[in-house]
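# Tertiary structure, described
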Amino acid sequence: MTEQSTQDGLSAILQQIKGQKHPPVHLWNPDFCGDLDMRIARDGTWFYLGSPIGRKPLVKLFSGVIRLDEDDKYYLVTPVEKIGITVDDAPFVAVEMFREGDGPDQILSFRTNVDDFVILDNDHPFRIEIDPETKEPAPYIRIRANLDALITRAVFYDLVNLAEEKMINGKNLFGFWSSSKFFELGPVDEIFENYN
């Protein structure tokens, strides 16, 4: 990939991010109107009354007004109503990753199942949770406000392939760069202990 096409690719992603408009749900404080039989499954599928919502434009519309409140519950919020919904894991799923550059200059960006684009940086950090019983990793990236996307297994493997070792505060850590920040996967010895 040439330097020009790399810049063009990043510019296109930045343009999509700048062009995203989400309603200011954090500013709205309507009365709670009850719970709705709507659920977002771990794979990102939205269900209403037990049936999948097959129309992506409708899912995208709903995803623009979702909010996670201090009570750790998810709501669909408009200026006049606040409706509780169920989210099995995270409200979004990161389904595609893009890479520009190398090393500390590397920039990683992600596309979600509802076509939101986000660059991995200080405002949109990576985190990983390890199931204490199965040792299975659950990786996430912050999309907006306090809403995360679960990174799909295939995308996570792509991310792990970019990982390198780095000594930080006397610990040998495994991680990857994006936006001049090193995001940790964990200590090297623990990573290899969990996956051997």
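Residues numbered from 1 in each chain as written. Predicted model: local features only at pLDDT ≥ 70, side-chain atom pairs only at ≥ 80, totals over all residues. Heavy atoms only, no water.

## Concerning the environment of Val-93
Rules: Helix numbers and strand numbers start at the N terminus; a helix is a DSSP run of H or I with at least 4 residues, a strand a run of E with at least 2. Residue exposure (1.4 Å probe, protein chains only): buried if accessible area is under 20% of the type maximum, exposed if over 50%, otherwise partly exposed. Contacts between residues were defined by any pair of non-hydrogen atoms, one from each residue, lying within 4.5 Å.
Tracing the backbone through its elements, the reader meets Val-93 in strand 7 (residues 92-100). Classification of Val-93 as buried rests on a relative accessible area of 4%. In this structure, the C-alpha to C-alpha distance between Val-93 and Arg-111, residues 18 residues apart in sequence, is 8.5 Å. Other than its neighbours up to four places away in sequence, Val-93 contacts Arg-42, Asp-43, Gly-44, Arg-111, Thr-112, Asn-113, Ala-149, Leu-150 and Thr-152.

## Overview of unusual backbone geometry
Non-glycine residue Asp-72 carries a positive phi angle of around 65 degrees. Position of Asp-72 relative to the elements: it lies in the loop between strand 4 (66-68) and strand 5 (74-77). On the accessibility criterion, Asp-72 (64% relative accessible area) is exposed. In this structure, Ser-180 takes a positive phi of about 65 degrees despite not being glycine. Its location among the elements puts Ser-180 in the loop between strand 14 (171-178) and strand 15 (181-187).

## A word on the pattern of salt bridges
We count it as follows: Take a side-chain nitrogen of Lys or Arg and a carboxyl oxygen of Asp or Glu: if they are within 4 Å of each other, that pair is a salt bridge.
Going through the model one piece at a time under the given rule, you end up with 14 salt bridges. In this structure, the salt-bridge partner of Asp-116 is Arg-144, at a minimum N-O distance of 3.1 Å. Residue Asp-116 is located in the loop between strand 8 (107-112) and strand 9 (117-119), and its partner Arg-144 is located in strand 11 (residues 137-144); the two are separated by 28 residues in the primary sequence. Its relative accessible area of 7% is what places Asp-116 among the buried residues.

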